[in-house]
There are 2 protein chains.
Amino acid sequence: MAKAARRVTSADVARAVGVSRTTVSFVLNDRPGQSIPEETRRRVLEAAQRLGYRPHAPARALAAGRSDIVLLSLHSMTQGPTVTSVVEGLAAALAARRLTLVLHLGGEGTRPLPDVCAAVAASAVLGLEPFDAATSAALYEAGADVVLPTETDSLADYQREVGRLQAEHLIARGHGRIGYATPGIALAEPIANERLRGVGQACAAAGLAPPVVLTVDLEADSAARAVAGWRQEGVSAVCAYSDEVAVAVLAGLRERGLAAPDDLAVVGVEDMPTARLAGPPLTTVAFDSHALGRELADAVLEALEGRRYGLAADARHFRLIPRSST
Amino acid sequence: MAKAARRVTSADVARAVGVSRTTVSFVLNDRPGQSIPEETRRRVLEAAQRLGYRPHAPARALAAGRSDIVLLSLHSMTQGPTVTSVVEGLAAALAARRLTLVLHLGGEGTRPLPDVCAAVAASAVLGLEPFDAATSAALYEAGADVVLPTETDSLADYQREVGRLQAEHLIARGHGRIGYATPGIALAEPIANERLRGVGQACAAAGLAPPVVLTVDLEADSAARAVAGWRQEGVSAVCAYSDEVAVAVLAGLRERGLAAPDDLAVVGVEDMPTARLAGPPLTTVAFDSHALGRELADAVLEALEGRRYGLAADARHFRLIPRSST
DNA sequence: GCGCGTTGGTAACGCGCGTTAGTGAATGGG
DNA sequence: CCCATTCACTAACGCGCGTTACCAACGCGC
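Residues numbered from 1 in each chain as written. Chains lettered and ligands numbered in written order. Predicted model: local features only at pLDDT ≥ 70, side-chain atom pairs only at ≥ 80, totals over all residues. Heavy atoms only, no water.

Participant: Quick rundown of the overall build of chain A? Include the residues and the values.
Facilitator: Looking only at helices and strands, chain A features 12 helices and 10 strands. Taking 2.2 N^0.38 as the reference for a compact globule, 326 residues should give roughly 20 Å; the C-alpha atoms of chain A span a radius of gyration of 26 Å, well beyond that estimate. The dimensions of chain A, computed from C-alpha atoms along their principal axes, are 85 × 45 × 35 Å. Across chain A, every contact between residues at least 6 apart in sequence was considered, and the portion connecting residues at least 24 apart equals 72%. Per element, the accessible surface of chain A, about 14,400 Å² overall, is 49% carbon and sulfur. Separation between the mean location of the 33 positive side-chain charges and that of the 37 negative ones in chain A comes to 10 Å. (Helix = DSSP H or I, 4+ residues; strand = E, 2+ residues; numbered from the N terminus. Rg over C-alpha atoms; globule rule 2.2 N^0.38 Å. Contact = heavy atoms within 4.5 Å. Areas by Shrake-Rupley, 256 points an atom, 1.4 Å probe, with all protein chains shown as cover. Lys, Arg positive; Asp, Glu negative; His and termini not counted. Charge placed at Lys NZ, Arg CZ, Asp CG, Glu CD.)

Structure (structure tokens):
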């Protein structure tokens, strides 16, 4: 602790090898178009390793005018094991291109996203749902080169596909009147609306009436009231916004002395770890979250290179897992 | 898009006001010991606002030798709604001191933590479980000023307290032989072991035999086997590592045609959203996650100022929520 | 009038790095 | 033997900022 702990700089490496700082920089950055003899390269790398040299990121960002940071914005509703998996896929794909992913969790009292973007000097800012125009503009203002996805990206297609899969499964099981269980949470609404739209499309395609939408809080009696409402309307199966909401509906049934799937079929979304442990085990729509992460990563990388990127709903990412609740 | 989009610098602000860059810096950083007339201060702030000036974080970090970034390291087991809440509390408390919190989610193929620390130039690195000596050293090497918590911090006390609360509740309910359900996951083991130790202490204090430990995967039949094992040993109540594991045990009971609490009482940890929706609603240990976040924030702030910090288990943060599974 | 502290500033350095423009030596072609 | 090219490498600038050292003007006591 007595040492001043001065950091090792590229000048130290240069001095150790007996070359200029420029050469060190060329070696460490694999500068294309600059021929470096193998011997020199080796000695530089060895010295850097031996001295424990690590480029100072802020200095690098300042000089180069760009950073290696990608920021992913999350909030309490874009969370859970599935998101974890998306993040892993994304981080791994970015790491392969020497980019570092960090997360920001928005919420009460936390800093506004543009501030965070500026604080880490992110070159790209990502989200799991589209940024509106004003937010995008603020992020560009804060120094981001790429903001993704925006409203023009057809990310909403993914969510509609989810709803469609849920409804088609129930319709194939012979249900003629479908309900939809939405949580009463503002943050969830953008996604909930898209999923509901997908359910509606499937119903229309099968010649059925539009789904009966009821709000279900994560409380058994709230769910019980909704269950009563659906049964009154002749609904025999409901699509839930998420597995959590689906579990609430199961609890509502239990409270009324009823059970899925005979009294009401229930299908969720996410395949959370406890979905298969519910009573009865929950039918749900899962998605290949690693693939989704990689796809997002591809889009960022394309965009960072200044090329057009494609971000389209790929139905193969989603699949319905039939269990005993339908 | 035609504009070169040059960023606004403090020199632009200085020029607009007609003062030196130094003065601008003094005003924006509230430099103590430098008297600035109210009129000048006002004009600088106004110009900065009007031009949309935002200090360039990397340049600032380079010049000042420190950054405003705090990095929190998570992995798939330190995740979920409760952690979200801890993060919110932490982020809010840090934001009040002009520090920015970002998250790193470790996992397969992601960058090593020291790399991430260096990439964002974090001045502090936090975790939800202690860093071992080697990791701490690597983080300091990577430029962190503060690493927290370490093995010398009594953070483990928190986890023991959790286990103790679970066991004491069951013992108070008259159970004489206690089981422990641990997940078969390496990442969870450090915490699981501490919680188990707390359970063991409570058992010993009540003059009971040590808990019967069985591994429970998040599958109904794995849990069913464990249930059979406990009943064979005369266990009438089990503490589960988490709510998820507890829900698995409930599923295992169901598979055997049994039910909590009569055939086996079950208590979880976390109070996840679906805990109250389980069949039967789950007794669990919840904790005041916002308070935990604030406490962590206080410790970081103290440590960043170079002062000693205290990080002690406060039992008031935890409470047992009795429901119908015990 | 002079010394002296305070007020309200400024000029200039350097943080660590990427990058551009060059430079001397070796090489090859005519 | 001379010129052109390639090779291997370097000097020096500037990114945007915090900070230190310094300075002119002013009031005030003597």
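Participant: I'd love a proper account of the packing of helix 4 (residues 57–64) of chain A against helix 4 (residues 57–64) of chain B, names of residues and values included.
Facilitator: For the pair helix 4 of chain A and helix 4 of chain B, interaxial distance at closest approach is 8 Å and the crossing angle is 130 degrees. If you check the angle between helix 4 of chain A and helix 4 of chain B, you find them oblique. The hand of the helix 4 of chain A/helix 4 of chain B crossing is left-handed. Counted together, Pro-58, Ala-59, Ala-61 and Leu-62 of chain A of helix 4 of chain A and Pro-58, Ala-59, Ala-61 and Leu-62 of chain B of helix 4 of chain B form the full contact between these two elements. Counted by class, the contact of helix 4 of chain A with helix 4 of chain B contains 8 nonpolar, no polar and no charged residues. (Axes fitted to C-alpha atoms, helices over the stretch in contact; angles between N-to-C directions. Parallel < 35°, antiparallel > 145°, perpendicular 65-115°, else oblique. Left-handed = near helix turned anticlockwise from the far one by under 90°. Nonpolar A, V, L, I, M, F, W, Y, C, P; charged D, E, K, R; others polar.)

Participant: I'd like a description of unusual backbone geometry, backed by residues and values.
Facilitator: Residue and element names in this part refer to chain B. With an omega of 0 degrees, the peptide bond between Ala-260 and Pro-261 qualifies as cis. Mapped onto the secondary structure, Pro-261 falls in the loop between helix 11 (243–255) and strand 8 (265–269). With omega at -5 degrees, the peptide bond leading from Gly-279 into Pro-280 counts as cis. Its location among the elements puts Pro-280 in the loop between strand 8 and strand 9 (283–287). You will see that Arg-98, though not glycine, has its phi angle at about 65 degrees, which is positive. Locating Arg-98 in the fold gives a position in the loop between helix 5 (81–95) and strand 2 (100–105). The exposed category is assigned to Arg-98, whose relative accessible area is 63%. Unusually for a residue other than glycine, Ala-121 sits at a positive phi of about 55 degrees. Assignment of secondary structure puts Ala-121 in the loop between helix 6 (113–120) and strand 3 (124–131). Judged by relative accessible area, which is 17%, Ala-121 ranks as buried. (Buried < 20%, exposed > 50% of the residue type's maximum accessible area, 1.4 Å probe, protein only.)

Participant: Which residues make up empty space enclosed by the protein, and what values do they have?
Facilitator: Throughout the structure, instances matching the rule amount to 2 cavities of 30 Å³ or more. Val-247, Leu-277 and Ala-278 of chain A together with Val-247 and Ala-278 of chain B are, among the 16 residues lining the largest cavity, the residues nearest its centre. Of all the secondary-structure elements, those providing two or more residues to the lining of the largest cavity are helix 11 (243–255) of chain A together with helix 11 of chain B. By volume, the second largest cavity amounts to about 100 Å³. Surrounding the second largest cavity, 16 residues form its lining, Leu-74 and Gln-79 of chain A together with Leu-74, Gln-79 and Leu-103 of chain B being those nearest its centre. Secondary-structure elements contributing two or more residues to the lining of the second largest cavity are helix 5 (81–95) and strand 2 (100–105) of chain A together with helix 5 and strand 2 of chain B. (1 Å grid on protein atoms, 1.4 Å probe; cavity = no way out; pocket = protein on both sides within 12 Å on 5 of 7 lines; lining within 4 Å. Points joined across faces, edges and corners; volume = space filled by probe spheres on them.)

Participant: Describe the domain arrangement of chain A, and please don't skip the residues or the numbers.
Facilitator: Residues and elements named next belong to chain A. Domain boundaries assigned for chain A yield domain 1 (10–55), domain 2 (69–155 + 290–312) and domain 3 (156–287). Residue-level contacts link 13 residues of domain 2 with 13 residues of domain 3. The contact between domain 2 and domain 3 buries some 1,200 Å² in all, and 62% of this surface belongs to carbon and sulfur atoms. The largest share of the area that domain 2 buries against domain 3 comes from Met-77, Thr-82 and Leu-155, three residues that together contribute 45% of it. Inspection of the domain 2/domain 3 interface yields 0 salt bridges. (Domains from an automatic or database assignment. Buried area = accessible area lost by both parts, 1.4 Å probe. Salt bridge = Lys/Arg side-chain N within 4 Å of Asp/Glu carboxyl O.)

Participant: Help me get a handle on the interface of chain A and chain B, residues and values and all.
Facilitator: Across the contact, 54 residues belong to chain A and 54 residues belong to chain B. For the pair chain A and chain B, the summed buried area comes to about 4,400 Å², and 64% of that belongs to carbon and sulfur atoms. Remark: the boundary between chain A and chain B carries 4 salt bridges. Among the ionic pairs, Arg-276 of chain A bridges to Glu-219 of chain B, the shortest N-O distance being 2.9 Å. For the interface between chain A and chain B, the tally reads 13 residue pairs in polar contact (both at pLDDT 80 or more). Residue assignment for the side of chain A that touches chain B shows that the elements contributing at least two residues are helix 4, helix 5, strand 2, helix 6 (113–120) and helix 11 of chain A. For the side of chain A that touches chain B, the per-class residue count stands at 31 nonpolar, 13 polar and 10 charged. (Polar contact = N/O pair within 3.5 Å; in protein donor to acceptor, adjacent residues only side chain to side chain.)

Participant: Could you give me a rundown of the relation of the copies chain A and chain B, with the residues and numbers involved?
Facilitator: Its rotation angle being 180 degrees, the transformation that places chain A on chain B also includes 0.1 Å of axial translation and leaves an RMSD of 0.1 Å. Read as a symmetry element, the transformation amounts to a two-fold axis. A share of 100% of interface residues in chain A that are also interface residues in chain B marks the association as one of identical surfaces. (Least-squares fit on C-alpha atoms with pLDDT ≥ 70 in both.)

Participant: Tell me about the sheet that holds strand 6 (residues 212–215) of chain A, residues and numbers included.
Facilitator: Residues and elements named next belong to chain A. The sheet built from 6 strands is open, its strands ordered 6-5-7-8-9-10 with mixed pairing. On the outer flanks of this sheet lie strand 6 and strand 10 (318–321), each paired with one strand and no other. Neighbour to neighbour, the strand axes of the sheet diverge by 20 degrees on average, direction disregarded. In terms of strand pairing, strand 8 (residues 265–269) meets strand 9 (residues 283–287) through 3 bridges, oriented parallel. The residue of strand 9 that forms the bridge with Gly-268 is Thr-284. Across the sheet, helix 8 (residues 156–172) touches strand 5 (178–182), strand 7 (237–240), strand 8, strand 9 and strand 10, and the angle it forms with strand 10 is around 30 degrees. Packed onto the sheet, helix 9 (residues 189–205) meets strand 5, strand 6, strand 7 and strand 8 and runs at close to 175 degrees relative to strand 5. (Pairing = 2+ DSSP bridges.)

Participant: Before we move on, can you summarise the packing of helix 5 of chain A against helix 12 (residues 289–304) of chain A with the specific residues and values?
Facilitator: All names here are of chain A. Where helix 5 contacts helix 12, the axes come no closer than 7 Å and their chain directions differ by 40 degrees. Regarding the angle of helix 5 to helix 12, the classification is oblique. Here the hand of the crossing between helix 5 and helix 12 comes out right-handed. Facing helix 5, whose interface residues are Thr-82, Ser-85, Val-86, Glu-88, Gly-89, Leu-90, Ala-93 and Leu-94, helix 12 presents Ser-289, His-290, Leu-292, Gly-293, Arg-294, Leu-296, Ala-297 and Leu-301. Here the contact of helix 5 with helix 12 is composed, by residue class, of 8 nonpolar, 6 polar and 2 charged.

Participant: Describe the protein's contact with DNA strand C, listing the residues and the values that go with them.
Facilitator: Taken together, 28 residues sit near DNA strand C, with Ser-10 and Tyr-53 of chain A together with Ser-20, Thr-23 and Gln-34 of chain B positioned nearest. At 3.2 Å from a phosphate oxygen of DNA strand C is found a main-chain nitrogen or oxygen belonging to His-56 of chain A. One nitrogen or oxygen atom from the side chain of Thr-22 of chain B is found 2.9 Å from a base nitrogen belonging to DNA strand C. Elements supplying a minimum of two residues to the surface near DNA strand C: helix 2 (21–28) and helix 4 of chain A together with helix 2 (21–28) and helix 4 of chain B. The residue makeup of the surface near DNA strand C, split by class, is 11 nonpolar, 12 polar and 5 charged. (Near = heavy atom within 4 Å.)

Participant: So what's going on with the protein's contact with DNA strand D? Which residues, and what values?
Facilitator: Surrounding DNA strand D, one finds 29 residues, the nearest of these being Ser-20, Thr-23 and Gln-34 of chain A together with Ser-10 and Tyr-53 of chain B. Within 4 Å of the protein, atoms of DNA strand D come from sugar and phosphate in 54% of cases. Here Gln-34 of chain A contributes a side-chain N or O atom positioned 3.1 Å from a base nitrogen of DNA strand D. Interatomic distance of 2.6 Å between a backbone N/O atom of Ser-10 of chain B and a phosphate oxygen of DNA strand D. Elements with a contribution of two residues or more to the surface near DNA strand D: helix 2 and helix 4 of chain A together with helix 2 and helix 4 of chain B.

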